[in-house]
Amino acid sequence: MSVMNFIRNSPMKLPSRVLNLRNSSFFGFRHWFHHPFPCEQKLFCKTNAFLPNFSYNSQYHAYPSRFLPFRRVINKTKKPNWSTSLDLSQSGSVSRPYGVSTDVRVASRARDLSTSVETRVKDQNLDKFYLQNGINVNPFVVERIEKDENVLGGEVPVAEDVNNVKNIGEALEGRKSGIKVESDIEKEAWNLLRGAVVTYCGSPVGTVAANDPGDKQPLNYDQVFIRDFVPSALAFLLKGEGEIVKNFLLHTLQLQSWEKTVDCYSPGQGLMPASFKVRTVPLDGNKFEEVLDPDFGESAIGRVAPVDSGLWWIILLRAYGKITGDCTLQERVDIQTGIKLILNLCLADGFDMFPSLLVTDGSCMIDRRMGIHGHPLEIQALFYAALRSSLEMLTANESSKNLIRAIKNRLSALSFHIREYYWVDMKKINEIYRYKTEEYSMDATNKFNIYPEQIPSWLMDWIPEEGGYLIGNLQPAHMDFRFFTLGNLWSIVSSVGTPKQNEAILNLIEAKWGDIVGHMPLKILYPAVENEEWRIITGSDPKNTPWSYHNGGSWPTLLWQFTLACIKMRRLELAEKAVALAEKRLSIDHWPEYYDTRNGKFIGKQSRLYQTWSIAGFLTSKMMLENPETASLLFWDEDYNLLEICVCGLSKSGRKKCSRGAARSQILI
């Protein structure tokens, strides 16, 4: 009997999972969502396992209304069926609510080397199942194979080393045994971090952005942000407490497919929310129900959708599997589909000529207007890390082989693009200083028509003889020479930069310690924009005044990423020095969100106190320094096989001219 017939003939009643129209406005479309696990289901909430092993049948009805409040009604069961088990591994007839596809019809060798996934061709495998609301259904069990002729390069991700997982587990058990004595500041930080935990149906699902008892206007700081939760998740994982991270990954996955709308327009399918909040909704009969209310940017300042949320989600999913050794979560059908939806959104064909992601201002950690629209380094480094994570986690089968091929091609193109065109040091700046412009040919040196006059005067005096960095942005006739810390750190962590470039970035930070670290690690960017430039770039933003907030403020949460980069490059002394600086002030200053002034001396003028990711970033840094072996699971080493892949290798193409020949020595350093 087909699964759809099973659903129709099932004796279980199918109550509704409905958009809460009580809280909707006809034109504003403000509404809350009922999550697959409402707290009325006490049976679900009280089990020890996160997701009990019983069937939970759902059916979607998509109505063709043009108005969002009537767009979709979703039915769900509230009564568990202990006797029936729905095995998706043996049936492929459950319908997806969307036309998701990752199966690429390859028409030519050129298409084989594409870096995008065709989404218009139906994927027979992916279209035939529906995510079972995050329940513990039997996922597809696909054995990982050593070699696949259909995958470019002939390699697929291999399973986690069993002995390695065992050793990590023993190390975490040793940590839990209490061998190390925590300092007072660490004890305080752990108490604050646990106090920031948000529960849903009695289970922990994340941490609020800030938990300042004196804050009378929390705005959205009382919500769980995907970006902000990552250091909290790593702290819990390194502590041996993975339940909250697993819950977070699964619940945010359930929010992925919702379509929230701004002015009658919905963002792309597969978008992850920036944040969510647990709300209590009154029901009939003086009853209440907890629901998760996601924010995709429709309530954010500037109404910008978060590009980095899905990238962070994939990176955290990999970290969970690496640290806990639980790879079964990654192999679940709903998790695999969530990864594919995010990648389909990122790898979609567009008008851009570059392998980097084109995004708007405010789409990442710098979530206000700061002149980072275009191809900001932060997004490219996170994109690269997410692609590498996906390559490790995707199950190799017929439906994913084209996606794996597209990932490999994009990784190759993106790494070359960033290494060749974003890198600046003394030698490269001198080359730009002597650029010729208006060059038209495949052999042009100044490919982006950069005018030498763009080189700022501060840079010529600031760049050290030994060291360099990746610039913040690159577009036609535009190079953003500001030093963006997060993008450069993640370029090291993900190996989007060469080993030599990675070392040079840390050399620059060490040489310019007073500018980038100062009294509180670390500057989000350097230098700040001031005067007329500040008015033009920020729109006279009163929060992003020079050397404050995103405009040159110091953010303690960047500490854990700096520590991870230093561990990778075996520069632990730099990380220890930065952690010691933070440890002197963070507790005394009540764990601020950011610091102001050129040297980071003052608490930010509008900084929230008891900022969770400042707390978690400090704890994560401390634990990584104590156990660098475990921290090594969180970064990537150079993959030389990926660097060999190049779309310009087509033998019958009239456009096979490639600039890699001249830059090959730099690519493989």
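What counts as what
- Residues numbered from 1 in each chain as written.
- Predicted model: local features only at pLDDT ≥ 70, side-chain atom pairs only at ≥ 80, totals over all residues.
- Heavy atoms only, no water.
- UniProt positions renumbered as here; feature names shortened; annotations may be inferred.
- Pairing = 2+ DSSP bridges.
- Helix = DSSP H or I, 4+ residues; strand = E, 2+ residues; numbered from the N terminus.
- Axes fitted to C-alpha atoms, helices over the stretch in contact; angles between N-to-C directions.
- Parallel < 35°, antiparallel > 145°, perpendicular 65-115°, else oblique.
- Left-handed = near helix turned anticlockwise from the far one by under 90°.
- Contact = heavy atoms within 4.5 Å.
- Buried < 20%, exposed > 50% of the residue type's maximum accessible area, 1.4 Å probe, protein only.
- Salt bridge = Lys/Arg side-chain N within 4 Å of Asp/Glu carboxyl O.
- Core = buried A, V, L, I, M, F, W, Y, C linked by side-chain atoms within 4.5 Å.
- Phe/Tyr/Trp six-rings, centres within 6.5 Å; stacked < 30°, edge-to-face > 60°.
- pLDDT = per-residue confidence, 0-100.
- Expected span 1.5 Å × (residues − 1).
- Arc of directions from axis to C-beta.
- Nonpolar A, V, L, I, M, F, W, Y, C, P; charged D, E, K, R; others polar.

As recorded in an unreviewed UniProt entry, the chain goes by the name Alkaline/neutral invertase, listed as coming from Gossypium australe. If you open the UniProt record of the chain and go to Catalytic activity (unreviewed entry), you find "Hydrolysis of terminal non-reducing beta-D-fructofuranoside residues in beta-D-fructofuranosides."

Undergrad: Explanation requested: the sheet that holds strand E7 (residues 275-282) in the structure shown.
TA: Hydrogen bonds between backbone groups are what pair the strands of a sheet, and the pairing can be parallel or antiparallel. Read from one edge to the other, the open sheet built from 3 strands follows the order E6-E7-E8, with strand pairing classed as antiparallel. Edge positions in the open sheet fall to strand E6 (224-225) and strand E8 (288-295), since each of these has one partner strand only. As paired elements, E6 and E7 share 2 bridges and run antiparallel to each other. Across the sheet, the residue bridging to Val 224 is Phe 276, located in E7.

Undergrad: I tried to follow the packing of helix H10 (residues 333-346) against helix H12 (residues 401-421) on my own but got confused; where do I start?
TA: To describe two helices that pack against each other, one gives the angle between their axes and the distance between the axes. H12 packs onto H10 with a crossing angle of 50° between their chain directions and a minimal axis gap of 12 Å. Of the possible angle classes, the one that applies to H10 and H12 is oblique. Viewed along their axes, H10 and H12 form a crossing whose handedness is left-handed. In contact with Lys 340, Leu 343, Asn 344 and Cys 346 of H10, H12 contributes Leu 403, Ile 407 and Arg 410.

Undergrad: Help me understand the pairing of strand E5 (residues 203-207) in this model?
TA: Put simply, side chains in a regular strand alternate between the two faces of the sheet. In terms of residue burial, E5 counts as a mostly covered element, since 5 of its 5 residues are buried. The pairing of strand E4 (residues 197-200) with E5 spans 4 bridges and is antiparallel. Of the residues in E5, the one forming a bridge with Thr 199 is Pro 204. Hairpin connection of E4 to E5: 2 residues between the antiparallel strands, including Cys 201 at a positive phi of 60°.

Undergrad: Sorry, what's going on with the pattern of salt bridges here?
TA: Between side chains of opposite charge, pairing is possible as soon as their charged atoms come close. Taken as a whole and assessed by the stated rule, the structure comprises 19 salt bridges. For Arg 419, the salt bridge goes to Glu 638, with nearest N and O atoms at 2.6 Å. One end of the pair, Arg 419, is in helix H12; the other, Glu 638, is in the loop between helix H22 (628-631) and helix H23 (640-643), and 219 residues separate them in sequence. You can call Arg 419 buried: its relative accessible area is 1%. Residue classification places Glu 638 among the buried positions, given a relative accessible area of 16%. The partner of Glu 573 in a salt bridge is Arg 571, and the shortest N-O contact between them spans 3.2 Å. Overall, Glu 573 belongs to the partly exposed group, its relative accessible area being 44%.

Undergrad: Help me understand the nonpolar core, please; the structure alone is not making it clear to me.
TA: Grouped together as the largest cluster of nonpolar side chains are 161 residues, with contacts concentrated most on Trp 313, Tyr 469, Trp 490, Ile 509 and Phe 562. Here this core gets 11 residues from one element, more than from any other, and that element is helix H11 (residues 377-393). Beyond its immediate sequence surroundings of up to four residues, Phe 562 is in contact with Leu 489, Leu 506, Ile 509, Trp 513, Leu 522, Leu 574, Ala 575 and Ala 578.

Undergrad: Teacher, can you tell me more about unusual backbone geometry here?
TA: The bulk of non-glycine residues show a negative phi, and the bulk of peptide bonds are trans. A cis geometry characterises the amide bond from Pro 521 onward to Leu 522, with omega recorded as -10°. Relative to the helices and strands, Leu 522 resides in the loop between helix H17 (513-516) and strand E14 (525-526). Of the consecutive residues Tyr 526 and Pro 527, the connecting peptide bond is found in the cis state with omega at -10°. Within the secondary structure layout, Pro 527 lies in the loop between E14 and helix H18 (531-538). Backbone geometry places Cys 264, a non-glycine residue, at a positive phi of 70°. As for its placement among the helices and strands, Cys 264 is situated in the loop between helix H7 (243-256) and E7. Its identity is not glycine, yet Asn 531 carries a phi of approximately 55°, on the positive side. Relative to the helices and strands, Asn 531 is located in helix H18.

Undergrad: Looking at this structure, I do not really get the environment of Thr 437. What am I missing?
TA: By secondary structure assignment, the location of Thr 437 is in the loop between helix H13 (426-433) and helix H14 (457-462). According to the relative accessible area criterion, Thr 437 is partly exposed, its value standing at 29%. Spatially, the C-alpha atom of Thr 437 lies 9.6 Å from that of Ala 477, the residues being 40 residues apart in sequence.

Undergrad: I'm lost on the pairing of E7 in this one. Help?
TA: Pairing analysis gives 8 bridges linking E7 to E8, with the strands arranged antiparallel. Residue pairing across strands places Val 281 opposite Glu 289, the latter belonging to E8. The hairpin turn running from E7 into E8, its antiparallel successor, is 5 residues long, and Gly 285 in that turn takes a positive phi close to 75°.

Undergrad: Before we go on, may I ask you to explain the environment of Phe 483 in this structure?
TA: Assignment of secondary structure puts Phe 483 in strand E13 (residues 483-484). Given the relative accessible area of 1%, Phe 483 is considered buried. Linking Phe 483 and Gly 552, residues 69 residues apart in sequence, is a C-alpha distance of 10.0 Å. If we skip the residues at most four places from it in the chain, Phe 483 touches Trp 462, Tyr 469, Asn 488, Leu 508, Ile 509, Ile 516, Ile 524, Leu 525 and Tyr 526.

Undergrad: So what exactly am I meant to see when it comes to the side chain of Ser 275 here?
TA: One can find Ser 275 in strand E7. Taking the relative accessible area as the measure of exposure, Ser 275 reaches 0% and is therefore buried. Among residues more than four places away in sequence, those in contact with Ser 275 are Gln 223, Val 224, Phe 225, Asp 293, Pro 294 and Asp 295.

Undergrad: Just checking my understanding: could you explain the packing of aromatic side chains for this structure?
TA: Aromatic ring pairs: the centre-centre distance and the angle between the two ring planes describe each pair. Taken as a whole and assessed by the stated rule, the structure comprises 21 aromatic pairs. Geometrically, the ring pair formed by Tyr 421 and Phe 448 is edge-to-face, given 5.1 Å between the ring centres and 75° between the ring planes. Of this pair, Tyr 421 sits in helix H12 while Phe 448 sits in the loop between H13 and H14, placing them 27 residues apart in sequence. In terms of burial, Tyr 421 and Phe 448 fall into one category: buried.

Undergrad: Teacher, can you tell me more about the confidence of the model for the chain here?
TA: As a general rule, the predicted coordinates of low-pLDDT regions are not to be interpreted in detail. Scored by pLDDT, the chain has a mean of 79; 70% of the residues are at 70 or more. Within the model, the stretch residues 10-110 combines pLDDT values under 50 with 279 contacts to residues more than four positions away or in other chains. Between residues 650-654, whose pLDDT stays under 50, and residues either more than four places distant or in other chains, the model counts 5 contacts.

Undergrad: Honestly, helix H20 (residues 572-585) in this entry has me stumped. Any pointers?
TA: Along an α-helix, a turn takes 3.6 residues, which lines up residues three or four apart on a common side. Here H20 spans 21 Å end to end across 14 residues, near enough to the 20 Å set by a 1.5 Å rise per residue. Looking at H20, one finds that the buried residues are Leu 574, Ala 575, Ala 578, Val 579, Ala 582 and Arg 585. The buried residues of H20 occupy one face: seen down the axis, they fall within an arc of 130°. Among the structural elements, helix H16 (499-511), H17, helix H19 (559-568), strand E15 (595-596), strand E16 (602-603) and helix H21 (612-626) are those in contact with the buried residues of H20.

Undergrad: In this structure, what is going on with the packing of helix H8 (residues 308-324) against H10? I would like to understand it.
TA: Contact geometry of H8 with H10 gives a least axis separation of 10 Å together with a crossing angle of 140°. As summarised for this structure, H8 and H10 are arranged oblique, according to the angle between their axes. Considering only the axes of H8 and H10, their crossing is left-handed. Residue-level contacts link Gly 310, Leu 311, Trp 313, Ile 314 and Leu 317 of H8 to Ile 335, Gly 338, Ile 339, Ile 342, Leu 343 and Cys 346 of H10. When grouped by side-chain class, the residues that make up the contact of H8 with H10 number 9 nonpolar, 2 polar and no charged.

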